[in-house]
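The lines below spell out each chain.
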Amino acid sequence: MSEIRFKLAKYLEDHCLTPEKLINAVGTDTSPAIIYQLVKHGNEQRQIDLSTLASIVQGLGKLTGLPIGIEDVLEFVPETTDIKNNPWQEFDSEENLPYEWGEINPMKNCKPVRYVEGIGLIVDSEEVEESLG
């Protein structure tokens with residue numbers, strides 16, 4: 001059976017955030033107990049109020065300064081039969097992809113990007129950080 005999992009704990013960890021920081025950013029919109037529950041037992045959680053989810057997403061946006069979406073805190077895990085029926089599954093490596101990039105391989109030497117308010121997308125590297133001041 002397919003399922004949706006919470007990945008709030010991973011998001012917080014990846015962005016060096018604590019549940020306490022999120023609780024402060026969310027304020028009184030969401031109970032601290034709910035946030036702790038989602039961080040500690042997110043994969044066991046089967047339902048959440050949409051207004052709670054909205055306040056968590058908004059709180060994460062305040063903390064990171066990044067545009068946050070539902071996909072940052074939720075993950076769809078398809079049923080294994082769904083994966084077996086996926087026509088793209090046969091392309092298990094870059095060499096087997098159904099298109100030709102020529103000399104350039106977009107899968108290599110990629111750099112992460114992030115959104116900066118008032119500037120737009122920037123390459124997330126030390127050189128850019130230094131130039132932004």
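What comes next concerns the included structure.

Rules and cut-offs
- Residues numbered from 1 in each chain as written.
- Predicted model: local features only at pLDDT ≥ 70, side-chain atom pairs only at ≥ 80, totals over all residues.
- Heavy atoms only, no water.
- Core = buried A, V, L, I, M, F, W, Y, C linked by side-chain atoms within 4.5 Å.
- Buried < 20%, exposed > 50% of the residue type's maximum accessible area, 1.4 Å probe, protein only.
- Helix = DSSP H or I, 4+ residues; strand = E, 2+ residues; numbered from the N terminus.
- Contact = heavy atoms within 4.5 Å.
- Arc of directions from axis to C-beta.

1. Quick notes on the nonpolar core
The nonpolar side chains of a soluble globular protein tend to be buried, and buried together.
Thought 1: Membership of the largest hydrophobic core comes to 17 residues, with the highest contact counts inside it found for Leu8, Leu12, Leu22, Ile35, Ile56, Leu60 and Val73.
Thought 2: Taken together, the elements giving at least two residues each to this core come down to α1 (8-14), α2 (19-26), α3 (32-41) and α4 (50-64).
Thought 3: Element by element, the count of residues in this core is highest for α4, at four residues.
Thought 4: Residues within four places of Ile35 in sequence aside, it is in contact with Pro19, Leu22, Ile23, Val26, Thr30 and Ile56.

2. A closer look at unusual backbone geometry
Excluding glycine, a negative phi dihedral is what most residues carry, and trans is how most peptide bonds are arranged.
Thought 1: Positive phi outside glycine occurs at Cys16, with the angle close to 55°.
Thought 2: The residue Cys16 is located in the loop between α1 and α2 in this model.

3. What to know about α2
Thought 1: What α2 keeps buried is the set Pro19, Leu22, Ile23, Ala25 and Val26. Down the axis of α2, the buried set is contained in an arc of 165°. They therefore lie on one face.
Thought 2: Those residues of α2 that are buried are in contact with α1, α3 and α4.
Thought 3: Backbone geometry just downstream of α2 places Gly27 in the positive-phi region, at approximately 70°.

Note that every value here comes from positions in space, so none of it alone points to a role or purpose.
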